[in-house]
Amino acid sequence: MDVPIGPLAAAVVKPLIGKLMPAPLPGAGLADQIGFKGRGVLSRGDARTIVAREVRRLAGKMARVVTEEHPDLRLQDDGDAVVEAVAQTLMALGDVTWETLHDVYADPDRLAAAMTEAANDPARGLSERGLRLYELMVGPCATQIVEYFTRNPEFTARTLLEIFRKLGELDERLPGGDRVTLPFEERYRALLSRRYRNTRLFGLALPEEDVEYPLDTAYVELSTRVRTDRGTESADGGEGRTTARGRPFESLLATSSRVLLIGSAGAGKSTLLKMLTLNLCRDRLPEQLQSWRDVVPFPLRLRQFLRNGDLDLPVPETFPEQALRTLQGTIPEGWASELLLSGRAAVLLDGLDEVPSRCRRGVLDWLRELEEAFPDARFVVTSRPAGELDEEQRVLRRRGYVTTTLDPMTPLQVDRFIDRWYGSARVVSADADARPDPKEALKKALFKRRDLSRLATNPLLCSVLCALNRVRSAELPRGRIALYRAALEMLLENLDRERGVPEDTVSLTYVQSEAFLANMAMWMTHNFRRTIPERDALNLIEDLLPSVRVHFPDAGGHPGVHTGVHTGGHTGGQSAAALVLRRLVERSGVLQFDGDLMEFCHPSFQDYLAGIEVFRKNYVDELLRNADDPLFQDVLIMVVGQQQREDQRQRLILQGLVSRAEKRGGSTEARRLWLLAAACIADVDIVDPELSERIRSKTRGLLPPRNADEAASLAAAGEFVLDLLAEAIDGRPPRGEQAAATVLTIRLVGGPQTLGMLKRFQGHHNEAVRAEVLRAWFDSQTPEAFATEVLAGMDLTGIPVVVQDPAYLPYLASVPRLRHLEVSCALTDAEELAPLRMLRVLDLSGTSVRDLGPLAGLTRLEELSLVDAPVVDVSPLANLTKLRSIDLEGTRVRDVSPLAKLTALEDLNIARTHVESTHMLKSLPRLLIRGRSGTSE
């Protein structure tokens, strides 16, 4: 029965009709068309149905599209079988109709999932490459089907009719007041969505078109890690190893209504809140956040409430107009309070650290009042990890806030970030097609340079790299020095100024900040450290203060100049050095606390800043004496780049390295010094030609390594070898033993750059090379990221994976192409093995596994060993028809009759079991039964 539309529907839908009805749209724009034009589509009354013939055409065309992007998946033998498997999957729900799309909300991902679930594993029997091609085709085909339906004239009419009906039903159920507030809510969401659809890149002197880009297309999901007073946990709340990565922020919101999000400058805190706001407004939440679907966001920047140095915090009724000034005077009375009271509102407070320290207690008191008045409302607060905020964080934790820290991006996330950033950036040049591909050029630069790959783990700095690379026509500054200066100027001076963050108690120029930080960086290097105690940092600042004209506001908030101890006013009696240090930690994003110590957020910043001090403090001899120390090596590389216009200084460094290398003849230490000298000149434009030639002639034959001995010698030289190695193999991938030795070098060096480098070898045809990559997994500091980004795309056929640490078991689900697994550690529940559908060989000998139920889905399994496992029931194995060998020695099995269906079974060991009879297995003519009193039946 049709329902009257009513005033509510009219108020909401009239603007929608104006937008949708002017002309038929070409489609939803979900994907570029690949020639799927609907031939073979039958009209059946008001239904629009896609029949099998057209689906097969679509699958064939998609196969060509996918193999153009993945040439290694072009198949000679079973290509037709892949197309047929895809077509069967697409037709698994029967004819695809309007009703089909209605059931999945016209979502291509949901459609693909529903089809795959309904299909009876049509991909079984495909080769490994065929299965990979199948997996890459199903999703894009589903997208093409949804796109086809949106191109039909009926789409607009049907969609509007559905909206009219749903709103009419809702209208009948709503009280009169809601007929006013609901249209306002829709307007509020639309305006908020428009405001947050783009994001800006602050801190760089870039053209306006390069400063702003769409948020929803450029955003990359970030990982977070829960922090407690006891330590760090993963975001799902479980205790995690220190090497494990966190979980998506959304999974935390699904279980926590009060969250404190911690992250360094540029880590993505504000962007994450903007994306959450955008998704709430557009109803594009991930599956785990369905409990947030009706939530209305109130995004508030705390710094916007500063008035003449004091905070003027808003009352709830003004939250909407604080988020959108244009709504002032139009907000229905009581609307915001009602939403907060009903639990349908989220207060998103950005920048607790941007509030002056003297005002933070007031923020916490104001927030407590909101929590008490609206106990069901949701609250998310962001802050930088300043040491001065430790007490505030503890207070919020005691009040039920879950504190979570943003992880740096992994290499895979960096790749996605770059792809999306360039996918969203507007093309501003007519000859752009003639230029090098900027995103590939940037990825290549990150692969070859450790310092850049370190910076790129920070979303803000990765944006900087993308923008600079694009403006410079796909070429970053050749010298890293200019890039570091640009990044530091942005963090130390430009970022807060352009974002409008007010000064608190001290104002520092870039030159002043650089002077203080360089002094600390050299102290750390001189003391062989990556950290500095707070007391030592304060002493260093005090030593410099007499010569630095630092500006402190007086008690009235007016700027002044001071060079000594500063007390009074708004400073709470703190010394000038303490105020300067607090300014550097809280606002620069360059320094951060690590417990009671401080460190640079990126080690490369320490190396760059220490290099500035080398000649001013005459540390050249000390650097050369410690050239075998990794910390000093990176500073030496920075100094040579910084002194390109001071040829005598640069020559002093290089000649010192060369002289020391020549004195040591052909020793391992000499090779290390030659390699270090090569790393020093690898990234500079101006260098003494004679020295350059001597260095290059000595290092030309050292890279890449030819065997394991050379790999060990190279790795011992230091992490800087990775830069040289990346340069050596770029465009010239090594083969055979040399490739294996290269991977071994990367594995032995370790460090954050290794993931990106090892990805280059994941598709290598040599089994020994892939086995070496696998061994690197167990040495990795980030095993989950390694599994997801390296092993997930690697063919592991013929390579046994032996897990000796139970901490690695949860990551196996990220390795779908695993074939041979041996578990040699404590394992009680085999549930973590259930996703490994491609397994051929599984060895659970010596584990505590009792229930084989989770293995029932491993239909490709051919060999299973359960020696000395406490297994009693083997019935879950009854449908594993490809099993050829089962070893039950030492188990508690009595009845083997469920194995009678396993027609491929050739070998069964029942030694030291309680099996009394095997007569029911006589129907298996190829079966050899071992372990019955030394005989076989």
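Let us look at the structure shown here. Note that the structure is predicted; figures quoted are calculated from it, not measured.

Rules and cut-offs
What you see as residue numbers is a count from 1 along each chain, following the sequence as written. Whole-chain, interface and lining totals are the exception, using all residues; otherwise, since this is a predicted model, local features are given only for residues with pLDDT of at least 70 and side-chain atom pairs are given and counted only at 80 or more. Calculation of side-chain values draws on the structure's entire complement of heavy atoms; hydrogens and water are dropped beforehand. Strands here mean DSSP runs of E at least two residues long; helices mean DSSP runs of H or I at least four residues long; both are numbered from the N terminus. DSSP bridges decide pairing: two strands pair if at least two such bridges lie between them. In this description, a line fitted to the C-alpha atoms serves as the axis of each element, helices being fitted only across the stretch in contact, and the angle between N-to-C directions of two axes falls anywhere from 0 to 180 degrees. By definition here, a salt bridge exists when the distance from a side-chain nitrogen of Lys or Arg to a carboxyl oxygen of Asp or Glu is within 4 Å. Think of it in three bands: residues with accessible area under 20% of the maximum for their type are buried, residues over 50% are exposed, and the middle band is partly exposed, with areas taken using a 1.4 Å probe on protein chains only. His residues and chain termini do not enter the charge count, which takes Lys and Arg as positive and Asp and Glu as negative. The criterion used for residue contact is that any of the two residues' heavy atoms lie within 4.5 Å. Helix span, expected: 1.5 Å multiplied by one less than the number of residues in the helix. Here a cavity means grid points, on a 1 Å grid over the protein atoms only, where a 1.4 Å probe fits yet cannot get out; a pocket means an open set of points with protein on both sides within 12 Å along at least five of seven lines; lining residues are those with an atom within 4 Å of a point. Grid points are joined across faces, edges and corners, and a volume is the space filled by probe spheres set on the points. For this classification, Asp, Glu, Lys and Arg are treated as charged, while Ala, Val, Leu, Ile, Met, Phe, Trp, Tyr, Cys and Pro are nonpolar and the rest, including Gly, are polar. In this text, buried Ala, Val, Leu, Ile, Met, Phe, Trp, Tyr and Cys residues form a nonpolar core when linked through side-chain atoms within 4.5 Å. Note on aromatic contacts: the rings of Phe and Tyr and the six-membered ring of Trp form a pair at centre separations within 6.5 Å, being stacked when their planes are under 30 degrees apart, edge-to-face when over 60 apart, and tilted otherwise.

Let us look at unusual backbone geometry. Following leucine 703, the chain continues into proline 704 via a peptide bond in cis, with omega recorded as -10 degrees. By the element assignment, proline 704 lies in the loop between helix 30 (689–699) and helix 31 (708–717). For arginine 912, which is not glycine, the phi torsion reads 60 degrees and is therefore positive. As for its position among the elements, arginine 912 is in the loop between strand 25 (907–909) and strand 26 (928–930).

It is worth spelling out the sheet that holds strand 22 (residues 841–843) at this point. One open sheet holds the 7 strands; their spatial order is 20-21-22-23-24-25-26, and the pairing between them is parallel. The sheet terminates laterally at strand 20 (800–803) and strand 26, the two strands that pair on one side only. The sheet shows a mean angle of 10 degrees between the axes of neighbouring strands, direction not considered. Sheet topology note: the strand 20/strand 21 (residues 820–823) ladder contains 4 bridges and is parallel. Bridge pairing links valine 801 to leucine 821 in strand 21.

Right, let's talk about the pattern of salt bridges for a bit. Under the definition given, this model contains 35 salt bridges. Salt-bridge contacts for lysine 439 lead to aspartate 419; the nearest nitrogen and oxygen are separated by 3.8 Å. Taken together, the residues span a long stretch of sequence, with lysine 439 in helix 18 (residues 438–448) and aspartate 419 in helix 17 (residues 411–424) at a distance of 20 residues. Assessed through its relative accessible area of 26%, lysine 439 is described here as partly exposed. The partner of glutamate 613 in a salt bridge is arginine 616, with the nearest N and O atoms 2.6 Å apart. A relative accessible area of 4% means that glutamate 613 is categorised as buried. Among the ionic contacts, a cluster of salt bridges with common partners joins Asp419, Lys439, Glu440 and Lys443.

You can see glutamate 392 is positioned in helix 16 (residues 390–398). Despite its burial, glutamate 392 pairs with no opposite charge, the nearest such side chain being arginine 360 at 4.7 Å. Ignoring any residue separated from it by four or fewer positions in sequence, one finds glutamate 392 in contact with Leu352, Arg360 and Leu364.

Attention shifts here to the pairing of strand 9 (residues 296–301). Of all 6 residues in strand 9, 5 are buried; the element is thus mostly enclosed. Alignment of strand 9 against strand 12 (residues 345–350), held across 6 bridges, turns out to be parallel. Across the sheet, residue leucine 300 finds its bridge partner in strand 12, namely leucine 349.

A few words on helix 29 (residues 668–681). Its 14 residues place the ends of helix 29 21 Å apart at the C-alpha level, agreeing with the 20 Å of an ideal helix rising 1.5 Å per residue. In terms of burial, helix 29 is a largely internal element, 11 of the 14 residues being buried. Those residues of helix 29 that sit buried are Ala670, Arg672, Leu673, Trp674, Leu675, Leu676, Ala677, Ala678, Ala679, Cys680 and Ile681. If you follow the buried residues of helix 29, they end up packed against helix 27 (630–642), helix 28 (647–663), helix 30, helix 31 and helix 32 (721–729).

Attention shifts here to empty space enclosed by the protein. Taken as a whole, this structure holds 6 cavities of 30 Å³ or more when the rule is applied. For the lining of the second largest cavity, the secondary structure elements donating two or more residues are helix 12 (269–282), strand 9 and strand 12. Within the lining of the second largest cavity, the residues separate by chemical class into 5 nonpolar, 1 polar and 3 charged.

The subject of this paragraph is the environment of methionine 524. Counting through the fold element by element, methionine 524 comes out in helix 22 (residues 510–526). Sequence separation of methionine 524 and aspartate 607 is 83 residues, and the distance between their C-alpha atoms is 9.8 Å. Apart from the residues within four sequence positions on either side, methionine 524 is in contact with Arg529, Arg530, Thr531, Ile532, Met598, Phe600 and Gln606.

Among the nonpolar cores identified, the biggest contains 241 residues, and Phe605 and Leu821 are the most heavily contacted of them. Contact partners of phenylalanine 605, with chain neighbours within four places excluded, come to Leu455, Leu461, Tyr484, Ala487, Leu488, Leu491, Val590 and Phe600. Listed in part, the 37 residues of the second largest apolar core include Leu73, Val83, Val104 and Leu126.

This part covers the packing of aromatic side chains. Under the definition given, this model contains 13 aromatic pairs. Look at phenylalanine 528 and phenylalanine 632: their rings are 4.9 Å apart centre to centre, the planes differ by 55 degrees, and that puts the pair in the tilted class. Note that phenylalanine 528 is positioned in the loop between helix 22 and strand 15 (532–533) and phenylalanine 632 in helix 27, a separation of 104 residues in sequence. Judged by its relative accessible area of 45%, phenylalanine 528 is partly exposed. For phenylalanine 632, a relative accessible area of 1% corresponds to the buried category. Measuring from ring centre to ring centre gives 4.9 Å for tryptophan 777 and phenylalanine 778, while their planes differ by 45 degrees; the resulting arrangement is tilted. Judged by relative accessible area, which is 1%, tryptophan 777 ranks as buried. Given a relative accessible area of 29%, phenylalanine 778 falls into the partly exposed group. Every member of this aromatic cluster is reached through a ring pair, and the members are Phe184, Tyr188, Phe298, Phe319, Trp335 and Trp366.

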